[in-house]
Amino acid sequence: MIDLKGYTPTIGIECHVQLKTRTKLFVGVSNNARDAEPNTLISHVCLGMPGALPVLNAQAVELAIRAAFALGVAPQMFSKFDRKHYFYPDLPKGYQISQFDEPIILGGEVLIDVDGTKKTIGVTRAHLEEDAGKSTHPEGADYSLVDLNRAGTPLLEIVSEPDIHTAAEARAYAKELWLRMRYAGVSDADLYHGNMRFDVNVSVSRDLQKLGTRSETKNLNSFKSVEKAVEYEIKRQIDLLENGGEVVQETRGWDDAKARTFSQRTKEDAHDYRYFPDPDLPPIMLDMQHVDEVKRSMPVMPQEWRDKLLSLGLDVSQTESLIEGELEIEDTALLELVEESMDTPEKAKFIANWIVNVTLPLIRENKYVLNNKDHSQLLQTLHTLINAKKLSSTAAKSLYAVVCVSSLPKDLTLYASEKGYIQVSDESEIEKIVLEVIEANESAAQDVRGGELKAIGFLVGQVMKASKGKANPSLAQSLLKKHLF
C-alpha cells in the first residue's frame, strides 16, 4: 500500500489499438508483419518517397466505427487527417498521419469494477493514425537497425479522461478496454505481440483543483505492467516532491525485470508537433445508412453479458472466467450456449459452471474439436442424464473429455451406456451389492452402527468398487443406512 502523504494521484491512459485489417492504413501492403523478414512488407508510401500518395483503407474506417459503438458513442460523421511532425529514424516522412482537432470518435465511457466498487471512466477521444516503424539497438554495437514493416500499420488511439486515481483502477480500465476491442472485432489485441499498447500519464498533487506535472510511461503491454508502472510513478513522484525535488514533464520507459520506470526524453506539447491538415487525404464523411448497418452488426458486449450471467446467480469470478474464456475458442461461442438456456435458469447455471470448470481447462490443453451445434447438444444431454441420476459428475466429465476430442455420437445416451458411463440406479441390483459389502466389511459396518459415520464413506467406496463405478452413490449410501441403522 502506497503512503500518499496527502497527495492525490491522477492517471490518464492513452491506448494504441492495432486494427485487424488485411492491409496497412494508406497502402495495399500486408498488415501481417509478425513473421515477415525485416523490410519486406514495404512500399513507396511506407518509405515516404517523394510524390507517394496515401489512399485510405475503408476497412480501418469501419473498424473505427465499431470501436465507437464499443465505447458507447456514435462515430463522428465528419473527421479529417492531420500531419504530426517529429523525428524518429523509423519515421521516413518526418511526420505521422494522424487526427488532431476533428477525430473520428469523441466521447465515450468505460465502466470498471474494482473489488465490487463500480466507476465510470470517461473517454476523451479516439483517433485513427499510422504506426511508425521499429528500431532495434544490438547490444554492444555502434549502430541501430530500422525495420519499416510496421510503418503504416493502422492504429486507433483511445485517450481516457483523467478519471483514474489508483493503480488498480488503471489496470481494470486497461483490461475492460481490451475486452471491448476484442468483442467488437476491432483488433486481435494480442498484448504479447504489441497489438495493444498502453501509455500511462501520472501526476500527483495536494491541490484538488490543480493537477501536478505529469510523466508519461510508454508502450506497456500487459495489465500487470500498467498497474506496476502507475504504482512506481506515484511513489517516485511523491518521494521526489517530499524531498524538495521537482517532477519533470517527460517520457519514461518501463523496465519489467526491475519493475521501475526510467527517463527517456523530455515530453513535447501539442504545439511542438506543428499539426496541419494533410493535403493528400480528403476528410472522412460517413454515410448514416452504413453507420446504422455497423451498429446493427455489433455483438453483445462484455457488460451486457455480465448483467445476464450475474442474474443467473453466478459469482463475479465465474462470470469473468466465462467472459474472458469466450475469446479462447474461435468456432464455438461459449456464451451463446449459456444464453440459449436462460429460459431455464437452473440449466443455464449448470452449463455456465460446466464451461468454466470443465470446458475451458480442456480448451487450454488444446483438447477440443466440437462445433457450437454439437457442443450445445452434448451439454443439454449431459444435463438431462445427470439430473436423471443416470450419470455421475465424475463419469460425465470423463465422457465429455472423450467426446470433445473426437466427435459427437448420433445417440449419446446409447453411447454412454455401451461404454459403461451410465450408472446403475436399479435399487434391487444395488441393494444386492450393498448387502455383500456389509458382509465383507463387518468391522466398518460395526463402526457405522456405533456412530462413526465417517466409515460409511468407506463402505460407499466399496460399493462403487464392486459395481465398477456404475452404482449411483447416493442410492448406495441410502441403502447402506437402511441396513445399518
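This write-up is about the structure you can find in this document. What you see is a predicted model, and the numbers here were worked out from it, not measured in a lab. (Residues numbered from 1 in each chain as written. Predicted model: local features only at pLDDT ≥ 70, side-chain atom pairs only at ≥ 80, totals over all residues. Heavy atoms only, no water.)

Moving on: the packing of helix 14 (residues 455–466) against helix 15 (residues 473–484). Interaxial distance between helix 14 and helix 15 falls to 10 Å at its minimum, and their mutual angle equals 120°. In this view, helix 14 runs oblique relative to helix 15, as classed from their interaxial angle. Here helix 14 runs over helix 15; the crossing is right-handed. Touching I456, L459, V460, V463 and M464 of helix 14 are P473, A476, Q477, L480, K481 and L484, all from helix 15. Grouping the constituent residues of the contact of helix 14 with helix 15 by class yields nine nonpolar, one polar and one charged. (Axes fitted to C-alpha atoms, helices over the stretch in contact; angles between N-to-C directions. Helix = DSSP H or I, 4+ residues; strand = E, 2+ residues; numbered from the N terminus. Parallel < 35°, antiparallel > 145°, perpendicular 65-115°, else oblique. Left-handed = near helix turned anticlockwise from the far one by under 90°. Contact = heavy atoms within 4.5 Å. Nonpolar A, V, L, I, M, F, W, Y, C, P; charged D, E, K, R; others polar.)

Pairing is antiparallel across the open sheet formed by three strands, whose spatial order is 4-3-15. Pairing within the sheet leaves two strands with one partner each, and these edge strands are strand 4 (95–98) and strand 15 (276–277). (Pairing = 2+ DSSP bridges.)

As a further point, take the packing of aromatic side chains. Tallying each qualifying case throughout the model produces nine aromatic pairs. Judged by centre distance (5.4 Å) and plane angle (80°), the rings of F26 and F81 are edge-to-face. With F26 in the loop between strand 1 (8–18) and helix 1 (58–70) and F81 in the loop between strand 2 (78–79) and strand 3 (82–85), this pair connects stretches of sequence that are 55 residues apart. Note on F81: relative accessible area 2%, which makes it buried. Residues W354 and Y400 carry aromatic rings whose centres are separated by 5.5 Å and whose planes lie at 80° to one another, so their mutual orientation is edge-to-face. Linking W354 in helix 8 (residues 345–364) with Y400 in helix 10 (residues 393–404), this pair joins segments that are 46 residues apart in sequence. One aromatic cluster is present, formed by Y86, Y88, F100, Y273 and Y275 through successive ring pairs. In this arrangement the basic side chain of K84 is found over the ring face of Y273, its NZ or CZ atom lying 4.5 Å from the centre. Lying over the aromatic face of Y95, K93 brings its terminal NZ or CZ to 5.4 Å of the ring centre. (Phe/Tyr/Trp six-rings, centres within 6.5 Å; stacked < 30°, edge-to-face > 60°. Buried < 20%, exposed > 50% of the residue type's maximum accessible area, 1.4 Å probe, protein only. Lys NZ or Arg CZ within 6 Å of the ring centre and 35° of its normal.)

Take the environment of L327 next. Among the structural elements, L327 can be located in the loop between helix 6 (316–325) and helix 7 (334–339). With 144 residues separating them along the chain, L327 and Y183 place their C-alpha atoms 7.9 Å apart. Beyond its immediate stretch of four places on either side in the chain, L327 contacts W178, L179, R182 and Y183.

A separate point is the pairing of strand 13 (residues 250–255). Most of strand 13 is tucked away, with five of its six residues classed as buried. Looking at chain direction, strand 12 (residues 215–220) and strand 13 are connected through three bridges and run parallel. When the sheet's bridge partners are listed, E216 is paired in strand 13 with T251. After leaving strand 12, the chain enters helix 3 (residues 223–242) and then returns to the sheet as strand 13, a path that is left-handed. Judged from the six bridges that link them, strand 13 and strand 14 (residues 260–266) form a sheet pairing that is antiparallel. In the sheet register, R252 faces strand 14, and the bridge partner there is S263. Counting the residues in the hairpin turn of strand 13 and strand 14 gives four residues, including A259, whose phi is positive at 55°. (Right-handed = clockwise from strand over helix to strand, strands pointing away.)

Taken together, E62, D287, D292 and E293 make up a surface patch of like negative charges. Its location among the elements puts D287 in the loop between strand 16 (284–285) and helix 4 (288–296). (Patch = residues over 30% accessible without salt bridge, like charges linked within 9 Å, V, L, I, M, F, W, Y side chains within 5 Å. Areas by Shrake-Rupley, 256 points an atom, 1.4 Å probe, with all protein chains shown as cover. Salt bridge = Lys/Arg side-chain N within 4 Å of Asp/Glu carboxyl O. Lys, Arg positive; Asp, Glu negative; His and termini not counted. Charge placed at Lys NZ, Arg CZ, Asp CG, Glu CD.)

At their nearest, the axes of helix 8 and helix 10 sit 11 Å apart, and the two run at 40° to each other. One element, helix 8, and the other, helix 10, form an angle in the oblique class. Every pair of crossing elements has a handedness; the one defined by helix 8 and helix 10 is right-handed. Residues W354, V358, T359 and L362 of helix 8 form the contact with helix 10, whose participating residues are A396, K397, Y400, A401 and C404. Split by residue class, the contact of helix 8 with helix 10 holds seven nonpolar, one polar and one charged.

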